[in-house]
Amino acid sequence: MSPDSAQVSVRLAQEIEASGPISVADYMRVANTAYYGRADPLGAEGDFITAPEISQMFGEMVGIWLSDIWLRHRPATCHYVELGPGRGTLAADALRTMQRFGWEPSVHFLENSPALRAKQLQAVPDAIFHDNLDSLPTDAPLCIVANEFFDALPVQQFILTQAGWRERVVVRGDGACFAALPGVCATDDLIPEQFRDAALGSIYEICPDASSIMQQLSARLAKQGGVMLVIDYGYTQPALGDTLQAVQHHTYADPFTDPGQLDLTAHVDFFELANCAKNSGLLVAGPSDQGAWLSGVGIDQRAQILTASNPTRAADITAARNRLVTPGGMGTLFKILAAYDQGWPQPAGFGL
Ligand code: SAH
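Just so you know, these numbers come straight off a predicted model, no measurement behind them.

Colleague: Go over the environment of A25 with me, naming the residues and quoting the values.
Modeller: Its place among the elements puts A25 in helix α2 (residues 24-38). Beyond its immediate stretch of four places on either side in the chain, A25 contacts P154, V155 and Q156.

Colleague: Could you give an account of the pairing of strand β6 (residues 156-161), with specific residues and numbers?
Modeller: A large share of β6 lies buried, amounting to 6 of its 6 residues. Going residue by residue along β6, you find Q156, F158 and L160 tucked away on one face and Q157, I159 and T161 tucked away on the opposite face as well. Where β6 lies against strand β9 (residues 203-206), 4 bridges are found, and the strand directions are antiparallel. Bridging from a neighbouring strand, Q156 pairs with I206 of β9. Here β6 runs beside strand β7 (residues 164-172); their pairing, made up of 4 bridges, is antiparallel. Following the sheet pairing, F158 is matched in β7 by E167.

Colleague: Could you give an account of the site of the ligand, naming the residues involved and the relevant values?
Modeller: For the ligand, the set of nearby residues contains 17 residues, the closest of which are T50, G84, G86, E111 and N147. Between an oxygen atom of the ligand and a side-chain N or O atom of T50, the distance comes to 2.5 Å. Between the ligand and G84, the relevant distance is 2.7 Å, taken from a nitrogen atom to a main-chain nitrogen or oxygen of the residue. When the free accessible area of the ligand is taken as 570 Å², the share hidden by the protein chains comes to 91%. Its residues assigned to classes, the shell around the ligand shows 9 nonpolar, 6 polar and 2 charged.

Colleague: Can you explain the packing of α2 against helix α6 (residues 114-123)? Please cite residues and give values.
Modeller: Put simply, α2 and α6 touch, their axes get as near as 5 Å, and they point 40° apart. The orientation of α2 with respect to α6, classified from their angle, is oblique. Here Y36, G37 and R38 of α2 lie close against α6, whose contacting residues are P114, A115 and L116. Of the residues assigned to the contact of α2 with α6, the class counts are 4 nonpolar, 1 polar and 1 charged.

Colleague: Mind laying out the packing of aromatic side chains, listing which residues take part and the relevant values?
Modeller: Counted under the stated rule, the structure contains 9 aromatic pairs. Here a set of aromatic residues connected by ring pairs shows up, and it is made of Y27, F178 and F256. One Lys or Arg, R74, reaches over the ring of W70 and ends 4.6 Å from the middle of that ring.

Colleague: Pulling in residues and values, what's your account of the sheet that holds strand β13 (residues 263-265)?
Modeller: Hydrogen bonds between backbone atoms are what pair the strands of a sheet, whose relative direction is either parallel or antiparallel. Spatially, the 3 strands line up as an open sheet ordered β12-β11-β13, and their pairing is antiparallel. On the outer flanks of this sheet lie β12 (251-253) and β13, each paired with one strand and no other. Shown here is a sheet whose adjacent strand axes are inclined to one another by a mean of 40°, direction ignored. Two elements, strand β11 (residues 245-248) and β13, share 3 bridges in a ladder whose sense is antiparallel. If you follow A246 over to β13, its bridge partner there is L264.

Colleague: A description of helix α10 (residues 299-309) should follow, citing residues and the corresponding values.
Modeller: Buried within α10 are the following residues: I299, A303 and L306. Angularly, the buried residues of α10 cover 65° about the axis, an arc narrow enough to put them on a single face. Exposed side chains of α10 directed beyond 90 degrees from the buried face belong to Q304, I305, A308 and S309. Buried-residue contacts for α10 involve α4 (56-73), α9 (290-297) and α11 (314-325).

Colleague: An account of unusual backbone geometry is requested, with residue identities and associated values reported.
Modeller: If a residue is not glycine, its phi is most likely negative; likewise, a peptide bond is most likely trans. In this structure, P287 follows G286 across a cis peptide bond, with omega equal to 5°. Its location among the elements puts P287 in strand β15 (residues 283-289). Of note in the backbone geometry, E148 takes a positive phi value of approximately 50° without being a glycine. Take E148: it is sitting in the loop between β5 (142-147) and β6. Although it is not a glycine, H249 sits at a positive phi angle of roughly 50°. Tracing the chain through its elements places H249 in the loop between β11 and β12.

Colleague: Describe the nonpolar core, naming the residues involved and giving the relevant values.
Modeller: Counting residues in each nonpolar core, the largest one holds 48 residues, and the members touching the most others are L83, F150 and M228. Contact partners of M228, with chain neighbours within four places excluded, come to L83, I144, F150, M214, L217, L221, L337, A338 and A339. The next biggest cluster of nonpolar side chains, apart from the first, holds 46 residues, and it includes L66, A285, I299 and M330.

Cut-off values and rules
The residue numbering used here restarts from 1 in each chain and proceeds along that chain's sequence as written. Reporting in this predicted model follows two pLDDT cut-offs: at least 70 for local features of residues, and 80 or more for side-chain atom pairs to be given and counted; totals over whole chains, interfaces and linings ignore these cut-offs and use all residues. The basis for every side-chain value is the complete set of heavy atoms in the structure, and neither hydrogens nor water enter the calculation. A run of H or I in DSSP counts as a helix once it spans at least four residues, and a run of E counts as a strand once it spans at least two, with each numbered from the N terminus. By definition in these notes, contact holds between two residues if any of their heavy atoms fall within 4.5 Å. Per-residue accessibility, obtained with a 1.4 Å probe over protein chains only, is compared with the maximum for each type, and a residue is labelled buried under 20%, exposed over 50%, and partly exposed between these values. A strand pair is defined by DSSP finding two or more bridges across the two strands. Being near a molecule or strand, for a residue, means having at least one of its heavy atoms within 4 Å of it. Counted as a polar contact is a pair of N or O atoms within 3.5 Å, where, for protein atoms, one must be capable of donating a hydrogen and the other of accepting one, and residues adjacent in sequence contribute only when both atoms are in side chains. Note on areas: Shrake-Rupley, 1.4 Å probe, and residue coverage restricted to the protein chains presented here. Only Asp, Glu, Lys and Arg are considered charged in this grouping, and only Ala, Val, Leu, Ile, Met, Phe, Trp, Tyr, Cys and Pro are considered nonpolar; every other residue, Gly among them, is considered polar. The convention used is that axes are lines fitted to C-alpha atoms, helices contributing only their stretch in contact, and that angles between N-to-C directions extend from 0 to 180 degrees. Throughout this description, any angle smaller than 35 degrees is read as roughly parallel, any larger than 145 degrees as roughly antiparallel, any in the 65 to 115 degree range as roughly perpendicular, and the remainder as oblique. Aromatic pairing here means that ring centres of Phe, Tyr or Trp (its six-membered ring) are within 6.5 Å. Orientation follows from the plane angle: under 30 degrees is stacked, over 60 is edge-to-face, and everything else is tilted. A positively charged side chain is recorded as over a ring if its NZ (Lys) or CZ (Arg) lies within 6 Å of the ring centre. The angle to the ring normal must also be within 35 degrees. Here the arc refers to the set of directions running from the helix axis out to each C-beta atom. Only buried Ala, Val, Leu, Ile, Met, Phe, Trp, Tyr and Cys residues count toward a nonpolar core, and they belong to the same one when joined by side-chain atoms within 4.5 Å.

See below:
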């Protein structure tokens, strides 16, 4: 156990000792804030790899998609906003592509990790950082991108016991080990009707932070104009299931051991995100499979052009394209949702 990890574990253990069990969401929030704050976890030597780190083609497709909307709508100004930009790779690839179409927006990053902010500045030196959504500009439309951001936000879990639905709470184990148990308070009222009589042991998840962020940004888009693109792994209809998972060095681990040293994620509820957007009066496209969207926007044409100018890299380019697009890779596991203001053009890539 590293000193960082020991600190997070000790802090959580002390909190539980003093005030009783904490929610899975509070545990996940403390663990992930420490995890992302301490270092850059991305890449082959890190814990996990994301689509923009697999190939420049991913960010380029996002850039082309945004440029197409921008060219058709031509707002006088428009801000590029990215939530949780990681190493800034997606933004750098997208912005380079947008520049080719003559578009150079100001760049705003919502990021709470000091370690990753430093990386992002290297990739996009002009980026302006935000601690929360309130400080995002209000004077022009926003083009918002979020890749693997929502899956890092804390989920609350509920479990069906003999006594009814209970929130899952976290208790202490030994050292850096914790465990999740059903809490004591009845939570049946919080469970949608359709799931109340599920099988014993069923788990229902919600992500209040995701809903809140989506609601705030949707309200901004309805007022200021603009579009939002959300890419993540998740589900498109209300569902039961324990999707909380931990990854370290590209391998699954126990989410309740060694908090702060593992990447904790949960599947994103795209049905809920789409509803938040619709409730603010936005239109939505998707959710669609990542593979279908990338193909629709033109990844195969881009792969051909890249291969023609880098023939020695042909095999790598094809492998990256396949990893992003095929069902055996990220093609169907990952979903893409667009939300856009009513006066804005219908976005490409959704088979409309
Ligand atoms: N989008 C990047 C990185 C995904 S990892 C990519 O695709 O490569 C998740 C990112 O979200 C990291 O940059 C992390 O620091 C950031 N993040 C997680 N929780 C956050 C929060 N509550 N507020 C702001 N940023 C957050």
